[in-house]
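Commentary on secondary and tertiary structure
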Amino acid sequence: KKSFSSGLTAMEKKLAEYKCNTNEAIQLKLVRFPEDLEDDNTTFNPEYSHQVFGDDEVAFGYKGLKILLYYIAGNLSTLFRIEYTSKVNEKFDCVEADDVESKIREIIPPGFCTNTDDFVSLLEKEVNFKPFGMLLHTYSVHNEEAGEDITYQIYKADMTCPGFREYHERLQTFLMWFIETASFIDVDDERWNYFLVFEKYNKDGATLFATVGYMTVYNYYVYPDKTRPRVSQMLILPPFQGEGHGAQLLETVHRYYMSSPTVLDITAEDPSENYVKLRDFVLVKLCQDLLCFSPGKLIQGFSQEMVTEAQQKLKINKQHTRRVYEILRLRATDMGDAEQSRSYRLDIKRRLIGPYKKKQRELAKMRRCLRPEELTNQLNQIDLNMQHEQLEESFQQLVSDYRRVLERLAQA
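Since this is a predicted model, take the numbers as computed values, not measurements. (Residues numbered from 1 in each chain as written. Predicted model: local features only at pLDDT ≥ 70, side-chain atom pairs only at ≥ 80, totals over all residues. Heavy atoms only, no water.)

Next up on the list: the overall build of the protein chain. A tally of regular secondary structure across the protein chain gives 16 helices and 14 strands. Looking at the protein chain as a whole, 45% of its 412 residues qualify as buried. In the protein chain, once contacts between residues fewer than 6 apart in sequence are set aside, the share between residues at least 24 apart is 66%. Total accessible area on the protein chain stands at roughly 22600 Å², and carbon and sulfur atoms take up 48% of it. Side chains of the protein chain give 53 positive and 63 negative charges; the mean places of these two sets differ by 8 Å. (Helix = DSSP H or I, 4+ residues; strand = E, 2+ residues; numbered from the N terminus. Buried < 20%, exposed > 50% of the residue type's maximum accessible area, 1.4 Å probe, protein only. Contact = heavy atoms within 4.5 Å. Areas by Shrake-Rupley, 256 points an atom, 1.4 Å probe, with all protein chains shown as cover. Lys, Arg positive; Asp, Glu negative; His and termini not counted. Charge placed at Lys NZ, Arg CZ, Asp CG, Glu CD.)

Once that is clear, we can look at the packing of helix α12 (residues 318-332) against helix α13 (residues 338-352). Contact pair α12 / α13: the axes reach a minimum separation of 11 Å and the direction vectors enclose 170 degrees. In this view, α12 runs roughly antiparallel relative to α13, as classed from their interaxial angle. Considering the relative orientation of α12 and α13, their crossing is left-handed. On α13, the residues that touch R322, Y325, E326, R329, L330 and A332 of α12 are Q340, S343, Y344, D347, I348 and R351. Residue composition of the contact of α12 with α13, grouped by class: 5 nonpolar, 2 polar and 5 charged. (Axes fitted to C-alpha atoms, helices over the stretch in contact; angles between N-to-C directions. Parallel < 35°, antiparallel > 145°, perpendicular 65-115°, else oblique. Left-handed = near helix turned anticlockwise from the far one by under 90°. Nonpolar A, V, L, I, M, F, W, Y, C, P; charged D, E, K, R; others polar.)

To continue, consider the UniProt feature "active site" (unreviewed entry) in the protein chain. Residues given the UniProt feature "active site" (unreviewed entry) here are E269. In this structure E269 touches R230, V231 and S232, once residues within four positions along its chain are discounted. (UniProt positions renumbered as here; feature names shortened; annotations may be inferred.)

This next bit is on a positive patch on the surface. A cluster of like positive charges, contributed by R350, K357, K358, R361, K365 and R368, occupies part of the molecular surface. With 5 residues, helix α14 (residues 354-369) is the largest single contributor of residues to the positive patch. Locating K358 in the fold gives a position in helix α14. (Patch = residues over 30% accessible without salt bridge, like charges linked within 9 Å, V, L, I, M, F, W, Y side chains within 5 Å. Salt bridge = Lys/Arg side-chain N within 4 Å of Asp/Glu carboxyl O.)

Glancing now at the domain arrangement of the protein chain. By the assigned domains, the protein chain splits into domain 1 (14-126), domain 2 (131-331) and domain 3 (344-411). Centre-to-centre separation of domain 1 and domain 2, based on C-alpha positions: 31 Å. Together, the buried faces of domain 1 and domain 2 total about 2400 Å²; carbon and sulfur atoms form 65% of this surface. The interface formed by domain 1 and domain 2 holds 1 salt bridge in total. The tally of links from domain 1 across to domain 2 stands at 11 residue pairs in polar contact (both at pLDDT 80 or more). Contributions of two or more residues to the side of domain 1 that touches domain 2 are made by β2 (26-31), α3 (50-53), β6 (66-72) and α5 (100-107). Residues belonging to the side of domain 1 that touches domain 2 are distributed by class as follows: 17 nonpolar, 8 polar and 3 charged. (Domains from an automatic or database assignment. Buried area = accessible area lost by both parts, 1.4 Å probe. Polar contact = N/O pair within 3.5 Å; in protein donor to acceptor, adjacent residues only side chain to side chain.)

Bringing the UniProt feature "site: Interaction with histone H4 N-terminus" (unreviewed entry) in the protein chain into the picture now. According to UniProt, the positions carrying the feature "site: Interaction with histone H4 N-terminus" (unreviewed entry) are W192. Turning to its location among the elements, W192 is positioned in strand β11 (residues 192-203). Non-local contacts of W192, meaning those with residues more than four positions away in its chain, are made with I185, D186, T216, V217, Y218 and S232.

The next subject is the packing of aromatic side chains. One pass over the full model with this rule turns up 22 aromatic pairs. Both rings, one in F44 and one in F178, keep their centres 6.1 Å apart while their planes meet at 35 degrees; by these two values the pair is tilted. Taken together, the residues span a long stretch of sequence, with F44 in strand β3 (residues 43-44) and F178 in helix α7 (residues 164-178) at a distance of 134 residues. With respect to burial, F44 and F178 carry one shared label: buried. With centroids separated by 5.3 Å and ring planes inclined at 40 degrees, the aromatic side chains of F302 and Y325 adopt a geometry described as tilted. (Phe/Tyr/Trp six-rings, centres within 6.5 Å; stacked < 30°, edge-to-face > 60°.)

Further remarks concern the packing of α13 against α14. Between α13 and α14, whose axes approach to 4 Å, the crossing angle comes to 45 degrees. Classified by the angle their axes make, α13 and α14 are oblique. Residue-level inspection shows R350, R351 and L352 of α13 in contact with α14, the latter providing G354, P355 and Y356. Looking at the contact of α13 with α14 residue by residue, the classes come out as 3 nonpolar, 1 polar and 2 charged.

Mapped onto the elements, E96 comes out in the loop between α4 (90-93) and α5. It is 36 Å that separates the C-alpha atoms of E96 and A73, two residues lying 23 residues apart in sequence.

Looking now at the pattern of salt bridges. Counted according to the given criterion, the structure contains 19 salt bridges. Close ionic contact of R255 with E251 constitutes a salt bridge, the shortest N to O distance being 3.0 Å. Residue R255 and its partner E251 are located together in helix α8 (residues 245-258), separated by 4 residues, close to a single helical turn. Overall, the relative accessible area of 13% leaves E251 in the buried class. For E305, the salt bridge goes to K297, with nearest N and O atoms at 3.1 Å. Owing to a relative accessible area of 37%, E305 belongs among the partly exposed residues under this scheme. Classification of K297 by relative accessible area gives partly exposed; the value is 32%. Residues joined in a network through salt bridges with shared partners are R322, E326, R329, D347 and R351.

See below:
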């Protein structure tokens, strides 16, 4: 009996060696020059792979597994290959290795290269790649490493642009690795708008374009004759993160819709924490010079005038305008002054307590129709002290988020 159980653990140990973390195994690259292929500094890994490899983010059956997904920097032509040092064998180990290849094939479009030589010869044609659609905005960022300004451009594209459909199929695969709950969109729905960011770079005296990131926006219909664009997906590729491209992209998209009389305001679908921080910064930057947000008016409190002006001029919706107001009011408030800081605190907490108040009203309704023992049960869930603590915590958290936005604004 004993030998059997120890034999099992030896087997288990052996099999454990054949497990690989897929976030580490997947190696992504955006390739500009042939030497990038050998350069580890150009490699980056996914943040997530659970949508492809399950919640454990593990591939079983290989030692030293590498899943190479290399993309040509501009048009994203793909090299896909799998390397490993050893693989379990059904004959000897009685277990089967995961079919890694078919899992990846499910999310990357067909037509990829499987060997490096083909990929490198495609790289030579990259000089012909040009961005899709209409140029909306050009900006530059000073790059310390290169010691020069690098130029970026933002384009608006749609499915009628030749080659864009296939390009978008390659681009959207990145969502799986960097957005926790990513899904692919229905590109045949004409209400989608696509906004793309490219970097201009030089190679052998020619100007080439590299993909930096993109955003998809869905135009919802609002009765009778308006639309409400909703940001669905936004991704700046990891090598370009932290350089301000997200802010440039979001501001450009707002400016694009601002000129349209039929657009009501812009919203977002299920925004991440990072997106909210980005949006706060961009909207405050856009709003800070509006008359309705002058310090004198901020001190008087949130007003309909703010809602109207931000919506009409900048296509900002009411909820987001309220946040802009709170951030700008913080900037105009001397928090060291007891009266000013008390007034600010009350103003924010009054908004934060809204959901609690709603709960109290629901309870009052219950009181009229519940038996007493059911009621105490309900009441216990809503303890006033806890409410005050939570409220104070939420308030402090907000203020620190708001301060970060103001710091970034001061540097902009």
